[in-house]
Amino acid sequence: MNYQEINRIKKLKKIKLLGINPYPSKIYKINYNIKKILNNKNFLINNNKILIITGRIINIRNMKNSSFIDIKDYSDYIIQLYYNINNLNIKYKNNKYYINLFKKYLDIGDIIYVKGKLFLTKVKEYTILINKIILLSKSIYPIPNIKIKNNKIYYKFKNKEKRYRMRYIDLIINNNIKKNFIIRTLIINYIRKFLNKINLIEVDTPILQNIPGGANAKPFITYHNKFKKYYYLRISNELFLKKLIVGGFKGVYEFSRNFRNESIDKIHNPEFTILEFYIPYKNYIWMMKFIKKLFNYIYKKILKINNINIINFTNKFKKIKFFNFINKYINFKINENTSKKKLIKLSNILNIKINKNYNKDKIIDNIFNLLCKNNIKSPTFIYDYPKYMSPLAKCKNNNSLLTERFELYINGIEIANAYSELNDPIEQLNRFKKQNKKNIDKDFIKALKIGMPPTVGIGIGIDRLIALFTNNNNIQEVILFPQMK
RNA sequence: GACUUGGUAGCUCAGCUGGUAGAGCAUUACACUUUUAAUGUAAGGGUCCUGGGUUCGAAUCCCAGCCAUGUCACCA
């Protein structure tokens, strides 16, 4: 415990001795928040409005018989409070009481309830002249102090490790942190609204799974005591949603928290959110158009509250075939027929390290990741992926080596992955077998055998999407409590 | 997993070629009736990430470890 904390615990005892409960319980009605006050300054002054607000103290300037206190509330705005001994309620006019309570025992970090009127100080700062103040919660642990001049913040809390581990302090101290998370929720709500409008059903599918399917990643393993059986935290919900399409829903979606036992970087967290949705009787061409509409809709909504400087979604989305795209950045022409031998040769020429165990999909993916994808800035659909890279996608009508699949890239980052779903059970089983997986989800195959209508499905990386819409290049900034060791 | 940069007061950071720790804000005390990065005077506050080693002497040099930043690999 540090000395500041010890000091405050002493204060806490003295406050209690004064007969004040430092952690009271009541309903505290407020009639304004700080943002609203600052937006209606003139009205409030002209009408002599009595303001009742709550907030956290972030700075105190004490004079002999008066004080200035800066408080911040949930609106993330700051306002100055002023009190003078003469302006306080009769109850507080006893000098000793006033000095003890307000001058000595209030600290940065305390949460207070305040009643007063707005006025303009000599230095032209809009300020609340308060006549009533109630301590709602005493702060014991010192938070970093903030100094503000001309709207510039001079002292920050910017150590990333501390910010993420103590997000509550980050949210108090740093501006726009809360805003990022509010935007996150807004975007998710807008997506819901958009999908509900076309009558998709939001569903919940199991997080604990027998067989971790629908993607290729290391799962987290857990254990059920009664069943004496290992379970896996889902790496994807894809197969379950398709089972629901077999079951006859008009279309389903789920914001799925997925878990992958891999390492962490700018665009990966061990637990992350993917929106998946599946719509029968549509295909991937339809989905491209739909995604464009969805992103435009979100963009317009968010633009009203936040500048998005990373990308402009109102421009046309680009569209380019997978192999055409790759061929733009290498001096060779490759396509779905190019043999593994040639691809290995090519990798050597391009100075791309490859492992002997690598399959064709892995080699191509390396070329794509290292030489091509970073050239994508504006939203671009890469489409018609080779079959060997897409075990769950349906083949094209005129070419059985390509699939009806696209990925949406923005700023070099994969945001979405979609395909016309493979619904031929025999072929699906064969493709699973080719993957040499230990566990094949036979139940999923059974569902396909019963018959799944032609369906399009997509997965959208929500954390990455939110990062884009909040001008962040790291998803840790849009995950409230990112994973830390 | 590899490399990179870092870990010093509540926060942000200095600390050179080794000589047992500094600043600003925060804290405490006093002064001050409208300040605003309030001000003035004084004071207190440190397991220098951990463990070894070198040395008369280590925050500093060396080794190992822990945690984090960034890049890469893994994540089709």
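Residues numbered from 1 in each chain as written. Chains lettered and ligands numbered in written order. Predicted model: local features only at pLDDT ≥ 70, side-chain atom pairs only at ≥ 80, totals over all residues. Heavy atoms only, no water.

**Q** I keep staring at the pairing of strand β11 (residues 229–233) and nothing clicks. Help me out?
**A** Moving residue by residue along a regular strand, the side chains alternate between the two faces of the sheet. Pairing of strand β9 (residues 208–209) with β11 involves two bridges; the strand directions are antiparallel. What sits directly across from Leu208, in β11, is Leu233. Between strand β10 (residues 221–224) and β11, which pair antiparallel one after the other, the connecting turn spans four residues, and Lys228 there sits at a positive phi close to 50°. (Pairing = 2+ DSSP bridges. Helix = DSSP H or I, 4+ residues; strand = E, 2+ residues; numbered from the N terminus.)

**Q** Before we go on, may I ask you to explain the nonpolar core in this structure?
**A** Note that soluble globular proteins tend to have their nonpolar side chains buried in a common cluster. If you look at the biggest cluster of nonpolar residues, it comprises 48 residues, and the most contacted ones within it are Ile191, Phe277, Ile291, Phe295 and Ile460. Per-element accounting of this core gives the leading share, 11 residues, to helix α9 (residues 284–303). Beyond its immediate sequence surroundings of up to four residues, Phe277 is in contact with Leu195, Leu200, Val252, Tyr253, Met287, Phe290, Ile291, Val456, Gly457, Ile458 and Ile460. (Core = buried A, V, L, I, M, F, W, Y, C linked by side-chain atoms within 4.5 Å. Buried < 20%, exposed > 50% of the residue type's maximum accessible area, 1.4 Å probe, protein only. Contact = heavy atoms within 4.5 Å.)

**Q** It is not clear to me how the domain arrangement of chain A should be interpreted in this structure. Could you clarify?
**A** In many reports, interface size means the accessible area that the parts give up when they come together. Under the domain assignment used here, chain A contains domain 1 (3–156) and domain 2 (177–317 + 378–477). With centres defined by C-alpha atoms, the gap from domain 1 to domain 2 works out at 48 Å. (Domains from an automatic or database assignment.)

**Q** Help me understand the sheet that holds β11 in this model?
**A** Strand pairing in a sheet is mediated by backbone hydrogen bonds. Such pairs are either parallel or antiparallel. Reading across from one edge, β9-β11-β10 is the order of the three strands in this open sheet, with antiparallel pairing throughout. The sheet terminates laterally at β9 and β10, the two strands that pair on one side only. Note that β10 and β11 share four bridges and pair antiparallel. Bridge pairing in β11 links His224 to Lys229.

**Q** Where do I start with the protein's contact with RNA strand B in this structure?
**A** In the region of RNA strand B, 58 residues are neighbours, and Val123, Asn145, Lys147, Glu161 and His268 sit closest. Atoms of RNA strand B within 4 Å of the protein: sugar and phosphate make up 63%, bases the balance. The side chain of Thr121 places a nitrogen or oxygen atom 3.1 Å from a base oxygen of RNA strand B. At a separation of 3.5 Å, a phosphate oxygen of RNA strand B approaches a polar backbone atom of Lys158. At the level of secondary structure, the elements contributing two or more residues to the surface near RNA strand B comprise α1 (3–17), β1 (50–62), β2 (66–72), β3 (78–84), β6 (148–149), α5 (160–165) and α12 (360–372). Among the residues making up the surface near RNA strand B, the classes are represented as 19 nonpolar, 16 polar and 23 charged. (Near = heavy atom within 4 Å. Polar contact = N/O pair within 3.5 Å; in protein donor to acceptor, adjacent residues only side chain to side chain. Nonpolar A, V, L, I, M, F, W, Y, C, P; charged D, E, K, R; others polar.)

**Q** Which parts of the structure should I look at to understand the sheet that holds strand β8 (residues 201–202)?
**A** Taken together, the eight strands give an open sheet; going across it, the order is β8-β12-β13-β20-β19-β18-β15-β14, and neighbouring strands pair in mixed fashion. Since the sheet does not close on itself, it has two edges, and those belong to β8 and β14 (318–321), each with one partner. Docked against the sheet, helix α8 (residues 238–246) engages β12 (252–259), β13 (271–280), β19 (413–420) and β20 (455–461), running at close to 25° with respect to β13. (Axes fitted to C-alpha atoms, helices over the stretch in contact; angles between N-to-C directions.)

**Q** Would you mind going over a nonpolar patch on the surface with me for this structure?
**A** Among the surface-exposed residues, Tyr168, Leu480 and Phe481 lie close enough to one another that they form a single nonpolar patch of about 340 Å² accessible area. Looking at the element boundaries, Phe481 is found in the segment after α15 (462–469). With relative accessibility at 55%, the residue Phe481 sits in the exposed group. (Patch = residues over 30% accessible without salt bridge, like charges linked within 9 Å, V, L, I, M, F, W, Y side chains within 5 Å. Areas by Shrake-Rupley, 256 points an atom, 1.4 Å probe, with all protein chains shown as cover. Salt bridge = Lys/Arg side-chain N within 4 Å of Asp/Glu carboxyl O.)

**Q** Any chance you could explain the environment of Glu5 here in plain terms?
**A** With respect to the secondary-structure elements, Glu5 resides in helix α1. Look at Glu5 and you get buried, because its relative accessible area is 15%. In this structure the C-alpha to C-alpha distance between Glu5 and Ser139, which are 134 residues apart in sequence, comes to 9.1 Å. Apart from the residues within four sequence positions on either side, Glu5 is in contact with Ile140 and Tyr141.

**Q** Whenever I open this one, the pairing of β13 confuses me. Can you help?
**A** Among the 10 residues that make up β13, nine are buried, leaving the element largely enclosed by the rest of the structure. Sheet topology note: the β12/β13 ladder contains eight bridges and is antiparallel. From the neighbouring strand, Glu254 faces β13, where its bridge partner is Glu276. Note that β13 and β20 share seven bridges and pair antiparallel. Its bridge partner lying in β20, Phe277 is registered against Ile458.

**Q** Help me understand the packing of aromatic side chains, please; the structure alone is not making it clear to me.
**A** Describing an aromatic ring pair means giving the distance of the ring centres and the angle of the ring planes. Summed over all chains, the structure comprises 24 aromatic pairs. Summarising the aromatic geometry, the rings of Tyr253 and Phe255 are spaced 6.1 Å apart at their centres and angled 90° between planes, so their arrangement reads as edge-to-face. With a relative accessible area of 0%, Tyr253 lands in the buried category. Taken together, the ring pairs connect Phe295, Tyr299, Phe313, Phe317, Phe381, Phe406 and Phe469 into an aromatic cluster. (Phe/Tyr/Trp six-rings, centres within 6.5 Å; stacked < 30°, edge-to-face > 60°.)

**Q** Honestly, helix α10 (residues 322–329) in this entry has me stumped. Any pointers?
**A** Every α-helical turn comprises 3.6 residues, leaving residues that sit three or four positions apart pointing alike. Those residues of α10 that fall on the buried side of the exposure criterion are Phe322, Phe323, Phe325, Ile326 and Asn327. In this structure, the buried side of α10 is in contact with β14, α12, β15 (380–383) and β17 (399–403).

**Q** Explain α8 here, please?
**A** A large share of α8 lies buried, amounting to seven of its nine residues. When we look at burial in α8, the residues that qualify are Glu238, Leu239, Leu241, Lys242, Lys243, Ile245 and Val246. For α8, the secondary structure elements touched by its buried residues are β12, β13, β19, α14 (442–450) and β20. Looking one or two places after α8, you find Gly248, whose phi comes out positive at around 105°.

**Q** It is not clear to me how the packing of helix α11 (residues 340–349) against α12 should be interpreted in this structure. Could you clarify?
**A** Each pair of packed helices can be summarised by the angle the axes make with each other and by the distance between the axes. Contact geometry for α11 and α12: axes closest at 10 Å, N-to-C directions at 30°. The angle between the axes of α11 and α12 places the two elements in the roughly parallel class. Along this stretch, α11 crosses α12, giving a crossing that reads as left-handed. Of the residues in α12, those in contact with Lys340, Leu343, Ile344, Leu346 and Ser347 of α11 are Lys360, Ile363, Ile364 and Ile367. (Parallel < 35°, antiparallel > 145°, perpendicular 65-115°, else oblique. Left-handed = near helix turned anticlockwise from the far one by under 90°.)

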